[in-house]
Amino acid sequence: MERYYQKEIECAPVEELKAMQNAKLVKQVKHVYEHVPYYRDLMDKKGVKPEDIKSTADIYKLPFISKADLRDAYPYGLLAVPLSECVRIQSTSGTTGRRVVAFYTQHDIDLWEECCARAIVAAGGTKDDVCQVAYGYGLFTGGPGLNGGSHKVGCLTLPMSSGNTERQIQFMRDLGSTILCCTPSYAAYIGETLKDMGLTPNDIKLKAGIFGAEPWTEAMRKDIEASLGIKAYDIYGLTETSGPGVSFECSEQTGMHINEDHFYAEIIDPDTGEVLPEGEKGELVFTSLDKEAFPLLRYRTRDICVLNRKKCSCGRTLIKMSKPMGRSDDMLIIRGVNVFPSQIETVLLEQGYTPNYRIELDRVNNTDTFDVYVEMSQEQFSDTVKDITLKEKELASALKTMLGINPKMHLVAPKTITRSEGKAVRVIDRRKLHD
Ligand code: DLL
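Here the residue numbers are simple positions, counted from 1 along each chain's written sequence. With pLDDT at 70 or above as the cut-off, local features in this predicted model cover only qualifying residues; side-chain atom pairs require 80 or more to be listed or tallied, and sums for whole chains, interfaces and linings still use all residues. Excluded from the side-chain calculations are hydrogens and water; all other atoms, namely the structure's heavy atoms, are used.

### What about the packing of helix α10 (residues 341–350) against helix α12 (residues 385–403)?
And then number 1: Axis separation between α10 and α12 bottoms out at 10 Å; the angle between their running directions is 135°. Taken together, the axis directions place α10 and α12 in an arrangement best described as oblique. Once α10 is placed against α12, the crossing between them reads as right-handed. Of the residues in α12, those touching α10 at Q343, I344, T346, V347 and L348 are L395, A398, L399, M402 and L403.
And then number 2: Nonpolar residues are Ala, Val, Leu, Ile, Met, Phe, Trp, Tyr, Cys and Pro. Charged residues are Asp, Glu, Lys and Arg, and all others, Gly as well, are polar. For the contact of α10 with α12, the per-class residue count stands at 8 nonpolar, 2 polar and no charged. Between the N-to-C directions of two axes lies an angle of 0 to 180 degrees, each axis being a line fitted to C-alpha atoms and, for a helix, fitted only over the stretch in contact. What counts as a helix is a DSSP run of H or I of at least four residues, what counts as a strand is a run of E of at least two, and both are numbered from the N terminus. Orientation categories follow fixed angle ranges, with anything under 35 degrees roughly parallel, anything over 145 roughly antiparallel, 65 to 115 roughly perpendicular, and all other angles oblique. In a left-handed crossing the near helix is turned counterclockwise from the far helix by less than a right angle, and in a right-handed crossing that turn is clockwise. We call two residues contacting when some pair of their heavy atoms lies within 4.5 Å.

Here it is, written out as structure tokens:
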């Protein structure tokens with residue numbers, strides 16, 4: 001039997017949902033225009049006033065917000081309430097330029113946690129469950145978001161954070177965890193470790209997993225389900241809109257239901273910005289309808305998706321998005337962490353290396369491998385092997401500080417990285433990320 005956290009919203013008649021979105025949009029545009037000078041300037045430049053937005057049918061008139069705007073406005077420029085009203089920030093890794101810092105009032109936190117609670121209940125969670133949260137905690141939104149959702153459902157919450165896998169399994173056994181929340185690659189690794197410890201899914205009580213923050217295929221879903229003896233559910237979100245819980249899978253698993261009472265979704269042509277009809281593939285754009293502190297209007301996610309409103313057997317009427325099928329920028333997601341090649345280049349230049357480098361990615365046993373090859377100068381190359389090994393370690397550690405994940409560094413001889421006559425090919429990605 002399908003369960004819901006907020007049935008009155010999740011299964012509301014579509015017309016009711018649309019009317020709700022229209023009313024919230026009108027209010028939100030006014031709030032942003034009055035309180036965010038940065039966005040007001042964008043609207044003024046486009047010649048659009050809050051009164052011009054009467055419903056979601058008018059949304060195309062509004063300007064987009066992109067990561068470049070977040071950079072320009074860093075840190076407070078898109079804040080719509082006094083800082084004293086904010087109770088939390090969350091962030092992504094990266095340099096000042098690439099880092100996203102999102103602000104929350106208590107009301108924003110409550111709504112975000114409710115979105116995560118909807119995902120947990122859709123995966124079968126109840127107050128009798130033991131929910132082990134093995135997403136990273138801290139600035140990353142995964143741990144705090146699912147932790148809050150788990151509390152709202154009333155599950156016994158295990159705030160494990162990621163890492164220390166044998167201890168994860170020990171707790172899972174001792175406390176009888178029934179739901180696991182983490183990235184799909186970490187879930188696969190936990191499954192592998194379980195086997196290495198001589199255990200089987202019969203030795204644990206897990207029944208469901210809520211996995212997201214990075215792309216994963218149906219084949220990976222099947223592997224994880226078999227290794228942990230669970231049903232695996234997808235969850236999507238991004239720091240800019242709050243974190244996980246923008247959309248989530250139900251029992252039908254043919255896409256993720258978007259929490260439309262809080263987020264208005266559009267699909268646009270990434271090149272022209274034109275809004276595409278439902279069912280067409282393009283870039284996903286979100287407008288936060290309820291957020292007080294950091295309400296982004298028409299935020300370009302760069303995720304390529306399709307939306308559909310076909311009737312779902314779970315009873316929810318919320319529109320569904322496909323799994324992201326790619327990106328319209330150069331962002332890579334490596335072990336759940338967002339990485340831009342330019343961040344790597346910044347570190348190399350800071351450390352006195354040439355910008356001749358290559359990133360190689362693969363997925364071995366469902367875990368991402370991350371190798372960075374960097375060319376040495378003639379002087380660097382004349383160092384002893386011992387010196388070079390030390391330099392590789394130093395560089396790996398500088399990259400870890402910048403990105404939050406550890407690459408395998410390879411310092412290579414001068415002129416060995418293939419030069420390109422056109423656009424440099426910096427990234428070789430051999431992973432199969434999409435079906
Ligand atoms: O990854 C929030 C999150 C945490 C989602 C835990 C789900 C679970 P960011 O670090 O800001 O936020 O990264 C957002 O990750 O634009 C997508 O490209 C990608 N992404 C997130 N969820 C999925 C998913 C969190 N289920 C970026 N499938 C997004 C594929 C995903 N890609």
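### What about the layout of surface pockets?
And then number 1: Approximately 280 Å³ is the volume found for the second largest pocket.
And then number 2: Surrounding the second largest pocket, 15 residues form its lining, Y264, A265, E278, L307 and I319 being those nearest its centre.
And then number 3: Only α2 (14–35) and β10 (263–268) provide two or more residues apiece to the lining of the second largest pocket.
And then number 4: Broken down by element, the lining of the second largest pocket gets its largest block of residues, 4 residues, from β10.
And then number 5: Classifying every residue of the lining of the second largest pocket gives 8 nonpolar, 2 polar and 5 charged. A cavity here means a set of 1 Å grid points, computed over protein atoms only, where a 1.4 Å probe fits but cannot escape. A pocket is an open set with protein on both sides within 12 Å along at least 5 of 7 lines, and lining residues have an atom within 4 Å of a point. Grid points are joined across faces, edges and corners, and a volume is the space filled by probe spheres set on the points.

### Some details on the packing of aromatic side chains
To describe a pair of aromatic rings, you give the distance between the ring centres and the angle between the ring planes.
And then number 1: Between rings of Phe, Tyr and Trp, where Trp is taken as its six-membered ring, a pair exists when centres lie within 6.5 Å; planes separated by under 30 degrees are stacked, by over 60 edge-to-face, and by other angles tilted. Within the structure shown, the criterion is met by 7 aromatic pairs.
And then number 2: Ring centres 5.9 Å apart and planes at 75° place the aromatic pair F211 and W216 in the edge-to-face group. Assigned by exposure class, F211 and W216 land together as buried.
And then number 3: Seen from their ring centres, F263 and F286 are 6.2 Å apart, and the 70° between their planes marks the pair as edge-to-face. The rule is simple: take the accessible area with a 1.4 Å probe, protein chains only, and divide by the maximum for that residue type; under 20% is buried, over 50% is exposed, in between is partly exposed.

### Focus: the site of the ligand
And then number 1: Only a single heavy atom is needed: when it lies within 4 Å of a molecule or strand, its residue is near that molecule or strand. Around the ligand sit 22 residues in total, of which D234, I235, T239, D303 and N338 are the nearest.
And then number 2: Residue A213 places a main-chain N or O atom 3.1 Å away from a nitrogen atom belonging to the ligand.
And then number 3: Identification of polar contacts relies on pairs of N or O atoms within 3.5 Å, with a donor-acceptor requirement for protein atoms, meaning one able to donate a hydrogen and the other able to accept it, and with residues adjacent in sequence counted only if both atoms are side-chain atoms. A distance of 3.2 Å is found between an oxygen atom of the ligand and a side-chain nitrogen or oxygen belonging to R327.
And then number 4: We get accessible surface area from the Shrake-Rupley algorithm with a probe of 1.4 Å; when it comes to residues, only the shown protein chains can shield them. Within the complex, the protein chains bury 97% of what would otherwise be the 610 Å² of accessible surface of the ligand.
And then number 5: A per-element tally of the shell around the ligand places strand β7 (residues 231–238) first, with 5 residues.

### A few points about the nonpolar core
And then number 1: Counting 73 residues, the largest nonpolar core has L62, L146, L284, F286 and M321 as the members making the most contacts within it.
And then number 2: Each residue touching L284, except ones within four places of it in the same chain, is listed here: Y236, A265, E266, I267, Y299, R300, T301, R302, D303, C305, L307 and M321.
And then number 3: We define the nonpolar core as a collection of buried residues of types Ala, Val, Leu, Ile, Met, Phe, Trp, Tyr and Cys that are connected through side-chain atoms lying within 4.5 Å of one another. Membership of the second largest hydrophobic core comes to 25 residues, among which are V337, V347, L395 and L399.

### Observations regarding the environment of F248
And then number 1: Topologically, F248 is positioned in strand β8 (residues 243–249).
And then number 2: C-alpha of F248 to C-alpha of I258: the two residues are 10 residues apart in sequence and 6.8 Å apart in space.
And then number 3: Not counting residues up to four positions away in its chain, the partners in contact with F248 are E10, R118, A119, A122, D234, I235, G255, M256, H257, N259, R316 and L318.

### Considering the environment of E283
And then number 1: Assignment of secondary structure puts E283 in strand β11 (residues 282–288).
And then number 2: Each C-alpha atom of the pair E283 and S251 lies 26 Å from the other, and the pair is 32 residues apart in sequence.
And then number 3: Not counting chain neighbours up to four residues away, the residues in contact with E283 comprise E266, I267, I268, P270, R300, T301, R302, D303, I304 and S328.
And then number 4: At 2.6 Å, the side chain of E283 forms a polar contact with the side chain of R300.

### Points about unusual backbone geometry
Trans is the prevailing form of peptide bonds, just as negative phi is the prevailing case for residues other than glycine.
And then number 1: Residue P75 is bonded to the preceding Y74 through a cis peptide linkage, with omega at -5°.
And then number 2: With respect to the helices, strands and loops of the structure, P75 is situated in the loop between α4 (67–73) and β1 (88–91).
And then number 3: One non-glycine residue, R302, lies in the positive phi region at around 75°.
And then number 4: Looking at the secondary structure, you find R302 in strand β12 (residues 299–305).
And then number 5: The phi angle at N365 is positive, at roughly 50°, despite the residue not being glycine.
And then number 6: Checked against the element boundaries, N365 lands in the loop between β17 (357–364) and β18 (367–375).
And then number 7: Classification of N365 by relative accessible area gives exposed; the value is 53%.

### Structural notes on the sheet that holds strand β5 (residues 179–182)
And then number 1: Read from one edge of the open sheet, 9 strands run β4-β3-β5-β6-β7-β8-β9-β14-β13, paired in mixed fashion. Two strands close off the open sheet at either side, each with one partner strand: β4 (156–159) and β13 (307–308).
And then number 2: Relative to strand β9 (residues 256–258), β8 runs antiparallel, the two being bridged by 3 bridges. Residue pairing in the sheet places S247 in a bridge with I258 of β9.
And then number 3: The sheet contacts of helix α9 (residues 218–228) involve β5, β6 (208–212), β7 and β8, and relative to β7 the element is tilted by about 125°. Strand pairing is assigned whenever DSSP identifies at least 2 bridges connecting the two strands.

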